[in-house]
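Now for the letters of each chain:
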Amino acid sequence: MIVLDKVNKWYGQYHALADVTQRVEQNEVVVVCGPSGSGKSTLIRTLNRLEEIDGGSISIGGRDIHARGHDVNALRAGIGFVFQHFNLFPHLTSLENCMLAPVNLKRATKPEAKAYALELLDGVGLAHKADAYPHELSGGQQQRVAIARALAMRPPIMLFDEPTSALDPEMVGEVLQVMRKLAGQGMTMVCVTHEMGFARDVADRVWFMSEGRILEQGRPEDFFTNPTHPRAKQFLADRSGR
Amino acid sequence: MLELIHDYWLYFLIGQYPNGPLGGLTLTVLLSAAALALAMPLGLLLGVARVSPWRAVRWPTAVLVQLVRAVPLLLVVFWAYFFLPAVTGVKTGQATTMLMTLVLFDAVYLAEIVAAGIRSLPKGQLDGARSLGLSYGQALRLVILPQALRHVSPSLVSQLVATIKATSLGYIIGLSEVSFIATQVNTLVFTKAVEVYIVLALTYFVLCFGLSRLAFLLERRMNRRTVHATKLNSR
């Protein structure tokens, strides 16, 4: 469904992504892990063109999304994106956050958008917070609203960029639970996360990144019990030591 | 003082009208209102252009803004009145000249305020809006500007109040706005300068204070939802 072919990106002299070649199949859940600064966020942001690439190609559903003339707004409307810092719109309620894009992009009438937004908020356990503003919600609740907001466009693909990294530990679980539920419904997902438990339980495949390259990829049971690349071994050893 | 007001109130209010051009307080109010009404949209446009992702839009705007801001309003008024007709051959009236000058000058200051408001928002707000498939224009209109304008509304109001006071510079090109009329009255009466200028000062005070109160009430009505993105989301 998503095909990356020799994707390269530079920030000046810094090689942020180096020859990344991978595939994500439909209904697959891929977890991207690796040390900070390894290019995980950059990679996931190129999938909906929040970042441009300097070489190679990325195609989604058979279409080259970085091609000249590709409608970037239509692309993004079909891919849900969840940010580390939620990025909810603070001047709108939870419900309005979830209705903004569907209504303004004419995907739904107001009543339709509202009904679906309420359904989604209910799905993330926040129906009772529909009229609350973001500042009235906890971090975990904000992130769950952000997931509902992304789902409101009915995207076939969801991208998560460290969705739990900005949360207090006790709120991580509620967000992961929503993500597990989505995965269980067959959503195609790419998740940058440090939650190795989530990767182990939910991911179909794990990509391990370091210095802009995917050094190792495989099924989580293989990756966690038997990593082959020395950097991956090191990374897992460092994490289990904590 | 009462005698003064009794004798000259009509002159103070409308100038020589209907035997001459409309002037006095009425002209000041009309000029201010027109300047605010025109400068606000222009300032918004320039402010958005100032932070545009396209260099071809951003740079010319920056040049215009910096140029106009580096010149005293007095000079701009002079130029517009004496220099512009000499170059273009089109002679504009005093009121029109003053209005155009005020609009340009004001719009440029408003633009800087609007741009500052936009820059104050975390970058994630634009990312969040764009990630949903909203165009840049939609993101500005639906997400960025509603927050940015709320953040800078006190500065916007100050700038609008300054516009009212700036109409008094029409005096130097002989525009018969309220300061000019007050000076005329002072010349006619000759002995009551303090009284005349106290009345003038009170007049400006009422106008400016009125506008800021009005803005405050409007703001409070809209500000059911006063929340600042910067408090919530870090970059």
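Rules and cut-offs
Residues numbered from 1 in each chain as written. Chains lettered and ligands numbered in written order. Predicted model: local features only at pLDDT ≥ 70, side-chain atom pairs only at ≥ 80, totals over all residues. Heavy atoms only, no water. Helix = DSSP H or I, 4+ residues; strand = E, 2+ residues; numbered from the N terminus. Rg over C-alpha atoms; globule rule 2.2 N^0.38 Å. Buried < 20%, exposed > 50% of the residue type's maximum accessible area, 1.4 Å probe, protein only. Contact = heavy atoms within 4.5 Å. Core = buried A, V, L, I, M, F, W, Y, C linked by side-chain atoms within 4.5 Å. Expected span 1.5 Å × (residues − 1). Arc of directions from axis to C-beta. Buried area = accessible area lost by both parts, 1.4 Å probe. Salt bridge = Lys/Arg side-chain N within 4 Å of Asp/Glu carboxyl O. Polar contact = N/O pair within 3.5 Å; in protein donor to acceptor, adjacent residues only side chain to side chain. Nonpolar A, V, L, I, M, F, W, Y, C, P; charged D, E, K, R; others polar. Phe/Tyr/Trp six-rings, centres within 6.5 Å; stacked < 30°, edge-to-face > 60°. Lys NZ or Arg CZ within 6 Å of the ring centre and 35° of its normal.

Structural notes on the overall build of chain A
Step number 1: Helices and strands together make up the secondary structure of chain A, namely nine helices and ten strands.
Step number 2: Computed over the C-alpha atoms, the radius of gyration of chain A is 18 Å, within 12% of the 18 Å expected from 2.2 N^0.38 for a compact globule of 242 residues.
Step number 3: By principal-axis analysis of the C-alpha atoms, chain A measures approximately 55 × 45 × 30 Å.
Step number 4: Burial status across chain A gives 57% buried among its 242 residues.
Step number 5: Excluding contacts between residues fewer than 6 apart, the proportion of contacts in chain A whose partners are at least 24 apart in sequence is 65%.

Examining the nonpolar core
In a soluble, globular protein the nonpolar side chains are often hidden away together inside.
Step number 1: Counting 70 residues, the largest nonpolar core has Phe89(A), Leu100(A), Leu102(B), Ile118(B) and Val143(B) as its most contacted members.
Step number 2: Here the element with the most residues in this core is helix H7 (residues 136–166) of chain B; it accounts for 15 residues.
Step number 3: Filtering out sequence-adjacent residues up to four positions away, Ile118(B) remains in contact with Gly47(B), Val48(B), Val51(B), Ile144(B), Leu145(B) and Ala148(B).

Regarding helix H3 (residues 55–69) of chain B
Residue and element names in this part refer to chain B.
Step number 1: Between the first and last C-alpha of H3 there are 21 Å, a value that for 15 residues agrees with the 21 Å anticipated at 1.5 Å per step.
Step number 2: Taken together, the buried positions of H3 are occupied by Thr61, Ala62, Val65 and Val68. Buried residues in H3, looked at end-on, bunch into an arc of 145°, giving them a common side. Exposed residues pointing more than 90 degrees away from the buried face of H3 are listed as Arg55, Ala56, Trp59, Val63 and Leu67.

Brief notes about the interface of chain A and chain B
Step number 1: The partner chain B presents 27 residues to the 30 residues of chain A that form the contact.
Step number 2: Between chain A and chain B lies a buried interface of about 2300 Å² when both sides are counted; carbon and sulfur atoms form 58% of it.
Step number 3: Here chain A and chain B share one salt bridge between them.
Step number 4: Run the count over chain A and chain B and you get six residue pairs in polar contact (both at pLDDT 80 or more).
Step number 5: Of all the secondary structure elements, the ones that give two or more residues to the side of chain A that touches chain B are helix H2 (72–77), strand E6 (79–82), helix H3 (94–104) and helix H5 (139–151) of chain A.
Step number 6: Taken together, the residues of the side of chain A that touches chain B sort by class into 18 nonpolar, eight polar and four charged.

Some thoughts on helix H8 (residues 178–189) of chain B
Residue and element names in this part refer to chain B.
Step number 1: Between its first and last C-alpha atoms H8 spans 16 Å; for twelve residues at 1.5 Å apiece the expected length is 16 Å, and the two agree.
Step number 2: Those residues of H8 that fall on the buried side of the exposure criterion are Val178, Ser179, Ile181, Ala182, Thr183, Val185 and Asn186.
Step number 3: Buried-residue contacts for H8 involve helix H1 (2–14), helix H2 (24–50) and helix H9 (193–222).
Step number 4: A side-chain oxygen of the first residue of H8 lies 3.0 Å from the backbone nitrogen of Ser179; this N-cap is Glu177.

Overview of the packing of aromatic side chains
Step number 1: All told, the structure shown has ten aromatic pairs over all chains when counted by the stated rule.
Step number 2: Measuring from centroid to centroid gives 5.2 Å for Phe223(A) and Phe224(A), while their planes differ by 75°, and the two rings are edge-to-face. Across this residue pair, the class does not change: Phe223(A) and Phe224(A) are buried.
Step number 3: Seen from their ring centres, Tyr81(B) and Phe82(B) are 5.1 Å apart, and the 75° between their planes marks the pair as edge-to-face.
Step number 4: Each member of the aromatic cluster is reached from another via a ring pair, and the members are Phe208(A), Phe223(A), Phe224(A) and Phe235(A).
Step number 5: Taking the ring centre of Tyr116(A) as reference, the NZ or CZ of Arg154(A) above it sits at 3.7 Å.
Step number 6: Geometry around Tyr109(B) places Arg69(B) over its ring, the cationic atom sitting 5.9 Å from the centre.

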